[in-house]
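The lines below spell out each chain.
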Amino acid sequence: MSTSAPWTLIPSTYPALAQPGRIGSLMLPHRILMGSMHLGVEGDSAQEKRLHSFYAERVQGGAALIITGGAAVSPEGGGDHWFCLTQPDHQRQLARLAEHLHALGGKVALQLFHAGRYAFADEIGATPWAPSAIASKFTRETPRAMTRADIRATVEAFAAAARFARAAGFAAVEVMGSEGYLLNQFLSPLTNQRQDEYGGSLENRMRLSLEVVAAIRDATGPDFPLLFRMSGADCMPGSTSWEETVVFAQRLEQAGVDALNIGIGWHESLVPTVAAVVPRGGFAPVVAGIKAAVRIPVIGANRINTPEVADRLIALGWLDFVAPARPWLADAAFARKALQGDRAGLNVCIACNQSCLDHVMDRPPRPASCLANPRAGQEYDWPLAPARSSRRVAVVGGGPAGLEAARTAAQRGHAVTLFEAMPVLGGQLRLAAQVAGKEEFWETLRYYQHELARLGVEVRLNTRASVQDLRAFDAVLLATGVAPALPDLPGVHLPHVVSYSDLLSGRVAAGRRVAILGAGGIGCDVALYLAKGSHPPASVQAFLAHHRLAPGWSATTGTAAGAGASPAAAANGAGSPAATTAQGMPRTITLLARSQRIAATVGRTTRWVVRSELHELGIQTLTHFQAKAVVDEGILGTVHGEERLIPADQVVICTGQVPRRELWEELADHPWLRVIGGARETRGLNAARAIREGFEAAYEL
Ligand code: SF4
């Protein structure tokens, strides 16, 4: 098993990021903006204080400019828990937010939004609007084609929203015109099949966006900073071409836009755009291609999750600003830490989507938070204040729940000792980091190790805490984790049966014909690990070439239009999937699901990515498989009543976990005892839940 992160040479100063910058009339102290993200609590006056606290911490965390989550310019363009700029109460809430953040010294841009055919009828109480009545795979609904009157009303709604933003004290507006929302729908021939002056030629498809920009300029004057989030690549076959995209960027510049923020992909796209399989800086060549065609500042975001990647992209002249969004959930002080040389203390977004996008994309949506920072979104409820009195705290187990519990307890002023039976920290986090596509978990582990050292946590490795040890502490948090569950099957103790943990930890070598019993998140991880090996992430070149995305990118020279060599490639190294054994023999992998679905427990925004990877890597999948016995030749079972033998020289068990609770009963009379993470409950266990429980239990102290 690999024991360290693949990224070891990380600089601590970022001169390109530290340069002052300008967007129109807006002077900015450096190049790190906070991109727009929807939090799922907008518009709810009961949540107003939470929203204020969330943004306030990001102002204090050094964001040069914060772009708010989208605020719908009209009711049919929004949905549940969206601000709607035609509602007086929402306007008042937004004005108070701008005032609050400006009082703290922050600069805030209001994002003006219209979902078009990505709105849900039951949320807006009407049939969604779109350029043409073409069904959406995202909502599974068919919108209605907008009339000319609807279009005129929409242009006026954008203008009125921008006028409001200026009057309310926002420093700028950003028009949302990417990710497949309304303006993007008008630009794309896929969704715009109109026969009038808004459809057909590029000139006509651009018309609505250009009218919106002109109307905003009329409404706010020439000096009010106007950003436009345009799509650099829709990642939809048959959609707007690269040449059209460049022309559109130039026309936006001519129309008076002050900066272009480049979005990538639609919600219906089958190319991963924000998942961890996208290499860091993976879409920067697209941004660079647009930057080469315009003179206004260009902003990039997708998978720019660390300051070193951001700094390199700016230094190379590929983009002018970065506006990451999720990285600000993972660490509210993203810019401050980057610019003050505290890269080691940065809690890096690992692109898992588990507590952010998966939450807000749920129906009904859940408030966004963060796997790596469970306090995100609840800063108001959990202020960063020291505990009333300092206590001696023991944390047993150095997996995700224990690491977070130790960190939070120490941060709140307690004297913390962390006991870990293994020679290294990490537990299930360390196992997950072995899987190609999940290497970012190394960042989480690195962050915890750094924080525990900084906060003075006494870490006792190779140490099984005894009951006597633990009775000496005022409080005990048991985070002893889980062990793989063995199903009650004949033959399960045969020598070729192994657990996922044996395999991912490197205790046993992988076989040649492998059957994986259990196709939830862990089973899929094991399949990908076996197919790809434990490699560094794919290079940017390989990723873009694989997805046939090459706008502005020359595969032969390895350079983007107007730019130098790929910085993320240099940061990431090159990896090559290897579905072969150590002896170079081809490996066959069969993933066996008892239910009808593969990856059913993986979150909505990444499940399809996992499934398509399994498919591309040639991993065989079999659903409705009822295992009956493990035999020398493989595994026996039935599918819809029909007997099947799955040949295998290795059977990997991924059918669940059992809690490790050795100390629980003996310590039951301890005056302050909490059992957290998998040790408490294995059902629905994932890193997000374990870390959250660690945080909450330690915060209670
Ligand atoms: Fe990033 Fe995952 Fe946190 Fe979302 S939940 S912000 S993807 S680390």
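Keep in mind it's a predicted model, so treat the numbers as computed, not measured. (Residues numbered from 1 in each chain as written. Predicted model: local features only at pLDDT ≥ 70, side-chain atom pairs only at ≥ 80, totals over all residues. Heavy atoms only, no water.)

Student: Would you explain the overall build of the protein chain in this entry?
Tutor: If you tally the helices and strands in the protein chain, you get 22 helices and 29 strands. The globule rule puts the C-alpha radius of gyration for 701 residues at 27 Å, and the 26 Å found for the protein chain is close to it. Dimensions of the protein chain along its principal axes, counting C-alpha atoms only, are 75 × 60 × 50 Å. Expressed as a percentage of its 701 residues, the buried residues of the protein chain come to 61%. Expressed as a percentage of contacts within the protein chain between residues at least 6 apart in sequence, the contacts between residues at least 24 apart total 73%. As displayed, the protein chain has an accessible area near 26400 Å², and 52% of this comes from carbon and sulfur atoms. (Helix = DSSP H or I, 4+ residues; strand = E, 2+ residues; numbered from the N terminus. Rg over C-alpha atoms; globule rule 2.2 N^0.38 Å. Buried < 20%, exposed > 50% of the residue type's maximum accessible area, 1.4 Å probe, protein only. Contact = heavy atoms within 4.5 Å. Areas by Shrake-Rupley, 256 points an atom, 1.4 Å probe, with all protein chains shown as cover.)

Student: I would appreciate a short explanation of the side chain of N373 in the present structure.
Tutor: Positionally, N373 belongs in the loop between α12 (357-360) and β13 (392-396). Setting aside residues no more than four positions away along its own chain, N373 makes contact with R58, L329, A330 and N347.

Student: What should I look at first to understand the packing of aromatic side chains in this one?
Tutor: Each pair of aromatic rings is reported with the distance of its centres and the angle of its planes. Here the structure, examined in full by the defined rule, presents 14 aromatic pairs. Each member of the aromatic cluster is reached from another via a ring pair, and the members are W82, F113, Y118, F120, F138 and Y181. Lying across the ring of F321, R31 places its NZ or CZ 5.2 Å from the centre. Note that R674 overlies the ring of W672, its terminal NZ or CZ placed 4.0 Å from the centroid. (Phe/Tyr/Trp six-rings, centres within 6.5 Å; stacked < 30°, edge-to-face > 60°. Lys NZ or Arg CZ within 6 Å of the ring centre and 35° of its normal.)

Student: Would you mind going over the site of the ligand with me for this structure?
Tutor: Around the ligand sit R326, L329, C349, I350, A351, C352, N353, S355, C356, C370 and L371, and those are all the residues in its vicinity. Class assignment for the residues of the shell around the ligand results in 8 nonpolar, 2 polar and 1 charged. (Near = heavy atom within 4 Å. Nonpolar A, V, L, I, M, F, W, Y, C, P; charged D, E, K, R; others polar.)

Student: Any chance you could explain the pattern of salt bridges here in plain terms?
Tutor: Any two side chains of opposite charge can pair, given that their charged atoms come close. Across all of its chains, the model carries 38 salt bridges by this definition. R366 is paired through a salt bridge with D362; the nearest N and O atoms lie 2.9 Å apart. Residue classification places R366 among the partly exposed residues on the basis of a relative accessible area of 38%. Two residues, E451 and R454, come together in a salt bridge whose shortest N-O distance is 2.8 Å. Within this pair, E451 and its partner R454 are both found in helix α15 (residues 441-454), separated by 3 residues, close to a single helical turn. Among the charged side chains, a salt-bridge network with shared partners connects R280, R303, E308, R343, E440, E443 and R446. (Salt bridge = Lys/Arg side-chain N within 4 Å of Asp/Glu carboxyl O.)

Student: I would appreciate a short explanation of the sheet that holds strand β26 (residues 642-647) in the present structure.
Tutor: One key point about sheets: their strands pair by backbone hydrogen bonds, in either a parallel or an antiparallel sense. Spatially, 3 strands are ordered β24-β25-β26 in an open sheet, and the strand pairing comes out antiparallel. With partners counted over all chains shown, the strands left at the sheet margins are β24 (625-631) and β26, one partner each. The sheet shows a mean angle of 25° between the axes of neighbouring strands, direction not considered. Inspection of the sheet shows β24 paired to strand β25 (residues 634-639) by 6 bridges, in the antiparallel sense. Looking at β25, one finds that F625 is bridged to V639. (Pairing = 2+ DSSP bridges. Axes fitted to C-alpha atoms, helices over the stretch in contact; angles between N-to-C directions.)

Student: I tried to follow the domain arrangement of the protein chain on my own but got confused; where do I start?
Tutor: Accessible area lost on assembly of the parts is the figure often given for the size of an interface. Domains assigned within the protein chain are domain 1 (6-360), domain 2 (392-484 + 660-700) and domain 3 (497-657). Each of domain 1 and domain 3 has a C-alpha centre, and the two are 34 Å apart. (Domains from an automatic or database assignment.)

Student: I keep staring at the sheet that holds strand β11 (residues 298-300) and nothing clicks. Help me out?
Tutor: If you walk across this open sheet you meet the 8 strands as β4-β3-β5-β8-β9-β10-β11-β12, and the pairing is parallel. The open sheet has two free edges, formed respectively by β4 (83-84) and β12 (321-322), since each of these has just one partner strand. When β11 meets β12, the two strands line up parallel, connected through 2 bridges. By the bridge assignment for β12, G300 is matched with V322. Each of β5 (108-113) and β8 (172-177) touches helix α4 (residues 148-168); the most contacted strand, β5, lies at about 165° to it.

Student: How should the nonpolar core be read in this particular structure?
Tutor: With 145 residues, the main nonpolar core has L110, L112, F228 and L260 as its most contacted residues. Residue contributions to this core peak at 10 residues, all from α4. Setting aside chain neighbours within four positions, we find L112 in contact with A71, V73, L85, F158, A161, A162, V173, E174, V175, M176 and I216. By size, the runner-up hydrophobic cluster in this structure holds 28 residues, among which are A519, C524, Y529 and C654. (Core = buried A, V, L, I, M, F, W, Y, C linked by side-chain atoms within 4.5 Å.)

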